[in-house]
2 protein chains.
Amino acid sequence: MSFQHVAIIGLGLLGGSIGLAVEAHLPDVKTTGYDADPAVRERARARNLCGTIADDPVEAVRDADLVILCVPVGAMDAAAKAFAPGLLPEAVISDVGSSKLSVSQSLAKALPDHTIIPAHPVAGTEESGPDAGFSSLFHQRWCIITPPDGAAEGQIANLKSFWQGLGSTVEIMDAKHHDLVLAVTSHIPHLIAYTIVGTASDLEEVTRGEVIKYSAGGFRDFTRIAASDPVMWRDVFLNNRDAVLDMLDRFLGDLALMREAIRAGDGEMMFDQFSKTRAIRRRIVEQGQDDARPDFGRHDHE
Amino acid sequence: MSFQHVAIIGLGLLGGSIGLAVEAHLPDVKTTGYDADPAVRERARARNLCGTIADDPVEAVRDADLVILCVPVGAMDAAAKAFAPGLLPEAVISDVGSSKLSVSQSLAKALPDHTIIPAHPVAGTEESGPDAGFSSLFHQRWCIITPPDGAAEGQIANLKSFWQGLGSTVEIMDAKHHDLVLAVTSHIPHLIAYTIVGTASDLEEVTRGEVIKYSAGGFRDFTRIAASDPVMWRDVFLNNRDAVLDMLDRFLGDLALMREAIRAGDGEMMFDQFSKTRAIRRRIVEQGQDDARPDFGRHDHE
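Residues numbered from 1 in each chain as written. Chains lettered and ligands numbered in written order. Predicted model: local features only at pLDDT ≥ 70, side-chain atom pairs only at ≥ 80, totals over all residues. Heavy atoms only, no water.

The name an unreviewed UniProt entry assigns to chain A is prephenate dehydrogenase, from the organism Aurantiacibacter rhizosphaerae. UniProt, in the comment section headed Catalytic activity (unreviewed entry), describes chain A in these words: "prephenate + NAD(+) = 3-(4-hydroxyphenyl)pyruvate + CO2 + NADH". The UniProt entry for chain A carries this comment under Sequence similarities (unreviewed entry): "Belongs to the prephenate/arogenate dehydrogenase family." (UniProt positions renumbered as here; feature names shortened; annotations may be inferred.)

Shown next, in the form of structure tokens:
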């Protein structure tokens, strides 16, 4: 028995995209939405992100058999408590947060009588807010479900088929392992990008105008993910601290070796390292996880 | 009096694109090309990258009034010595290398009797070789010219109008300042990307397959520039060592502050830093240096 009525709490890029994707791919599933910000609710109504937009979180979840929290991971607890009184006893609670261990724990605490099955669709853009969503965001992207011990197989299967319905491929994973994998594939890349863009902005010898002008040499690629939502990312680093620090320290160790090779003029070490990395790119493209066109196809657009 | 006959030495992404761009935009200018690799010359002939492809560097530059070296910066000296006997006395020598101080010095030593005006078109893709070039590579991109003291104004103006003819906007800059600006906008981003892709490939707890699968969370953006030509980049780091180490140490200092904020759970510091970086992205897009579409327009292609 798959889900018939999905409540979406938080109507930014992810929440809005879920609403639009359900409408496009699962037209028989009813959607209600809520966002704590009245201006976001207004835009969500204008864009028809959900079948109904409620002005009250309790109303939004009433009769829903699946509730998906699409708020920053630090806001999950408060959001869950706000809608709790409206929940059906059998409603399944899920989310889209980028860290899973802490979310899993905080939702279990906020809603101790409900089934909680956290999930993380590995998809997004640098845009945020109710105008950023689109129905194909999850196409050909992975969605990782991290069920707690003892979660009913039937409910896991329902959540899996929901995400498959939106175009995703689903993987089941332990929450702790998820947090380590995402630390390296997503959190550290964002941390590095935010940092280098900050470094470049604060130089005295090189002006900000020069950084912008000559960004096509590589820097501009980093500015895209450094334009992501600051609240969302602050919460990710606050909530996945241990895995992020672990991966960051390995990166720093490798960067120290690279620094030493440059200092010592060790061209052989650099050539070896730089030659290893092409294969990864090729496999990412082969597996449909990135655009095969050179330069992300930027030139096709000119 | 602008250039009438351009010799292109090295027929990879940059050299090939110059040949095709001259044909498309400056059809009255004659082009001859040479590459030390016979297989590259064969592909260059098949793709008509230049009017004529010579099998001998001395033949390639004969009668040329502009010679552009499009080889890795560590190979400039040998390439220049190889074609030197064929040069017209009045020929201007330029290049497309990503570091300028060391190139300027090594070309001045290899060709002491010629006018050398180094240049750097800030354009490229992650592809390399004779099949990678295309005529619009320089459109809306900056080209930085770094004339040595005493270079004739008329020749600088000719080189400027050549690059403008290919669609670039030209900036004149001191070679040393160029090397600092490019260290931050291009060299450090490449170094970081090569390093993090290497770190991610070598983990034990997270498999390479997982890194590839979940790369859409941010990592894939780094793999693009980490797929760039290893020889070219080795040479950049060997030849722009001081500026690269200077900028790398500033980045490392900022990353250490970010690490400490994560360790201490300092959400305010993170929020402040993450909020500063969006403005830079916006200005890069406004100034036509990147695609305005979310996610580099990847979704438009699906």
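Alright, that's what it looks like, and here's the rest.
Asker: Can you help me understand the domain arrangement of chain A in this one?
Answerer: Interfaces are often described in size by the accessible area the parts lose on coming together. Residues and elements named next belong to chain A. Partitioning chain A into structural domains gives domain 1 (5-174) and domain 2 (177-291). Centre-to-centre, using C-alpha coordinates, domain 1 lies 29 Å away from domain 2. In this complex, domain 1 contributes 20 residues to the contact, which on the side of domain 2 involves 19 residues. Summed over both partners, the interface of domain 1 with domain 2 comes to about 1,600 Å²; 54% of that surface belongs to carbon and sulfur atoms. (Domains from an automatic or database assignment. Contact = heavy atoms within 4.5 Å. Buried area = accessible area lost by both parts, 1.4 Å probe.)

Asker: For this particular structure, what's the right way to read unusual backbone geometry?
Answerer: A negative phi angle characterises most non-glycine residues, just as the trans form characterises most peptide bonds. Phi is positive for Asp63 of chain A, close to 75°, though the residue is something other than glycine. Counting through the fold element by element, Asp63 of chain A comes out in the loop between α3 (57-61) and β4 (66-69). Positive phi outside glycine occurs at Gln140 of chain B, with the angle close to 60°. If you trace the backbone, Gln140 of chain B turns up in the loop between β7 (119-121) and β8 (142-145). (Helix = DSSP H or I, 4+ residues; strand = E, 2+ residues; numbered from the N terminus.)

Asker: Quick question: what am I supposed to make of the nonpolar core here?
Answerer: Judged by nonpolar contacts, the single largest core of 90 residues is most densely connected at Ile192 and Phe222 of chain A together with Ile192 and Phe222 of chain B. The contact partners of Phe222 of chain A, leaving out residues within four places of it in the chain, are Ile192, Ala193, Ile196 and Val197 of chain A together with Pro189, Ile192, Ala193, Phe222 and Ile225 of chain B. (Core = buried A, V, L, I, M, F, W, Y, C linked by side-chain atoms within 4.5 Å. Buried < 20%, exposed > 50% of the residue type's maximum accessible area, 1.4 Å probe, protein only.)

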